[in-house]
Amino acid sequence: MDPDNSNVEEIKRPRGPVARFFMSGWTNIVRLMAVNVLFIVFNIPAIIISYFYSIFVIPALWPSFNLGSLLTVTAEDGTQAVSYQMFMLLMVFFITLMVSSLLVCVGPFQAGFSQVYKDMRNGSIVSVFSSFKQGLKANWKKGLIVMINGMLVSAVMLLSINFYLRLELTVAVMIGGLFMLLLIMFILIQNYVYQLMVSTDLSVGKLYKNAILLVLIKFGNSLGFFIIITLLYVLVPFYLLMSASYLTLGIFLFFYSFLVIAWVQYMLSYYSGYLIDKYVAEDNADPEGPFVHRHDDEYEFYIEDENDYTKEDSAIELDRDNENDEEDNPSDPEQ
């Protein structure tokens, strides 16, 4: 054993943020699957609300997105008609998008799930239900307000998209496309708000203000998450459902019932937790969390090996060792 490093415990950990996220996700894979199932069960009211949203929104968007060509089937006699099964699959897609993206969800319960994600990120989780109960009890009022805000903003944006796209003018279509981008950006904001809710003691107004700033301050990264959200919440489920084969439907049911929703939410929570520790709550940052604030105003991953010890740390350890030696071997004043 090297005496110089006898008090240093070397632990091999991945050093990059992406590697650490995937390692944390894999370590908590069973918990994430449990959260995914609980998310669907606890959001049954949100699913019902999203169903009524879809009844009014899908017919309104029908001409704008030419949905008739997707849902029309040819009968044996050569006539064409809208398939009821295809229409229902389209509604399932819309409901999945609205609920999993937190545009329509049960806010108090989502506060509980956000606490679970935070504890998993910090490595301090004991059980899913204990963390869920903690987040629910402490933030249910704010969760209700954020839930209502999400429903209202989503309704306004969906109506705006429908209104401008139906005008069939170049400028109107561009404005409608802008609202679509803003809607997906609002998904990011909603996810950040819930993580801010369980990490700080801010009012709802300040939660949204800080969430918007977090999206803008790292806009390049936000664009990356924008692409991931579009891919996993829009393109992939739309393809799997509208392909209408038993294989693609089975893939959709398995992955979106047991993993994808919680995995994407945890990814956003993991990243937003880093931003919160750095820009919002650095004075209260958890020293046991995955990020540690250094005095040079930079955040680095915490690696428990000899490389983490600075010269100042070594001097402090040396002083402590000298004090311990003096206590163990007190000098005799008569000698």
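**Q** How would you summarise the overall build of the protein chain if you had to cite specific residues and measurements?
**A** Of the regular secondary structure elements, the protein chain holds 13 helices and 4 strands. By the burial criterion, 43% of the 335 residues in the protein chain qualify as buried. Across the protein chain, the fraction of contacts at a sequence separation of at least 24, relative to all contacts at a separation of at least 6, is 72%. As displayed, the protein chain has an accessible area near 18,800 Å², and 64% of this comes from carbon and sulfur atoms.

**Q** Describe in detail unusual backbone geometry, supporting the description with residues and values.
**A** For residues other than glycine, phi is negative in most cases, and the peptide bonds are mostly trans. One non-glycine residue, Leu102, lies in the positive phi region at around 70°. Note that Leu102 resides in the loop between helix H5 (84-100) and helix H6 (107-122).

**Q** Quick one: what's the story with helix H9 (residues 204-217), residue by residue and with numbers?
**A** Between its first and last C-alpha, H9 extends 20 Å over 14 residues, near the 20 Å set by a 1.5 Å rise per residue. For H9, the set of buried residues is Val204, Leu207, Tyr208, Asn210, Ala211, Leu214 and Val215. Down the axis of H9, the buried set is contained in an arc of 165°. They therefore lie on one face. Exposed side of H9, more than 90 degrees from the buried face: Gly205, Lys209 and Leu216 are the residues found there. Contacts from the buried residues of H9 go to helix H7 (128-165), helix H8 (170-199), helix H10 (219-242) and helix H12 (260-280).

**Q** Let's hear about the confidence of the model for the protein chain: which residues, and what values?
**A** Taken over all residues, the pLDDT of the protein chain has a mean of 79, while the share at 70 or more is 72%. Averaged over each element, pLDDT in the protein chain is lowest for strand E4 (residues 299-301) (34) and highest for helix H2 (residues 29-42) (96). Segment residues 6-11: pLDDT under 50, and 11 contacts once partners within four positions in sequence are set aside and those in other chains are kept. For residues 282-318, every residue scores under 50 in pLDDT, and the model assigns this stretch 60 contacts once sequence neighbours within four places are set aside.

**Q** Residue-level account of the packing of aromatic side chains, with values.
**A** One pass over the structure, following the stated rule, counts 22 aromatic pairs. Aromatic side chains Phe21 and Tyr266 sit 5.8 Å apart centroid to centroid with 35° between the ring planes, which places their arrangement in the tilted category. Pair noted here: Phe21 is in helix H1 (residues 17-27) and Tyr266 is in helix H12, with a separation of 245 residues, a long-range link. Through a chain of ring-to-ring contacts, the aromatic side chains of Phe21, Phe22, Tyr117, Trp263, Tyr266 and Tyr270 assemble into a single cluster.

**Q** I'd like a rundown of the pattern of salt bridges, residues and numbers included.
**A** Throughout the structure, instances matching the rule amount to 2 salt bridges. The partner of Asp277 in a salt bridge is Arg121, with the nearest N and O atoms 3.4 Å apart. Of this pair, Asp277 sits in helix H12 while Arg121 sits in helix H6, placing them 156 residues apart in sequence. The pair formed by Asp277 and Arg121 is uniform in burial state, with each residue classed as buried. Put simply, Asp201 and Lys142 hold a salt bridge, and the shortest N to O gap is 3.8 Å. Taken together, the residues Asp201 in the loop between H8 and H9 and Lys142 in helix H7 connect sequence positions 59 residues apart.

**Q** Please provide a residue-by-residue account of the side chain of Asn191, values included.
**A** With respect to the helices and strands, the residue Asn191 is situated in helix H8. Every residue in contact with Asn191, bar those within four places of it in the chain, is listed here: Ser101, Leu102, Gln265 and Leu268.

**Q** Describe the nonpolar core, naming the residues involved and giving the relevant values.
**A** Tyr117, Leu188, Tyr192 and Val193 are the most contacted members of the largest nonpolar core, which has 80 residues in total. The element contributing the most residues to this core is H12, with 13 residues. If we skip the residues at most four places from it in the chain, Tyr192 touches Ala211, Leu214, Val215, Phe225, Leu268, Tyr271, Ser272 and Leu275.

**Q** Before we move on, can you summarise the packing of H1 against H12 with the specific residues and values?
**A** Contact pair H1 / H12: the axes reach a minimum separation of 11 Å and the direction vectors enclose 135°. Relative to H12, H1 is oriented oblique. Here the hand of the crossing between H1 and H12 comes out right-handed. Counting all contacts with H1, which are made through Arg20, Phe21, Phe22, Ser24, Gly25 and Trp26, the residues of H12 involved are Trp263, Tyr266, Met267 and Tyr270. In terms of residue class, the contact of H1 with H12 is made up of 7 nonpolar, 2 polar and 1 charged.

Quick notes on the rules
- Residues numbered from 1 in each chain as written.
- Predicted model: local features only at pLDDT ≥ 70, side-chain atom pairs only at ≥ 80, totals over all residues.
- Heavy atoms only, no water.
- Helix = DSSP H or I, 4+ residues; strand = E, 2+ residues; numbered from the N terminus.
- Buried < 20%, exposed > 50% of the residue type's maximum accessible area, 1.4 Å probe, protein only.
- Contact = heavy atoms within 4.5 Å.
- Areas by Shrake-Rupley, 256 points an atom, 1.4 Å probe, with all protein chains shown as cover.
- Expected span 1.5 Å × (residues − 1).
- Arc of directions from axis to C-beta.
- pLDDT = per-residue confidence, 0-100.
- Phe/Tyr/Trp six-rings, centres within 6.5 Å; stacked < 30°, edge-to-face > 60°.
- Salt bridge = Lys/Arg side-chain N within 4 Å of Asp/Glu carboxyl O.
- Core = buried A, V, L, I, M, F, W, Y, C linked by side-chain atoms within 4.5 Å.
- Axes fitted to C-alpha atoms, helices over the stretch in contact; angles between N-to-C directions.
- Parallel < 35°, antiparallel > 145°, perpendicular 65-115°, else oblique.
- Left-handed = near helix turned anticlockwise from the far one by under 90°.
- Nonpolar A, V, L, I, M, F, W, Y, C, P; charged D, E, K, R; others polar.

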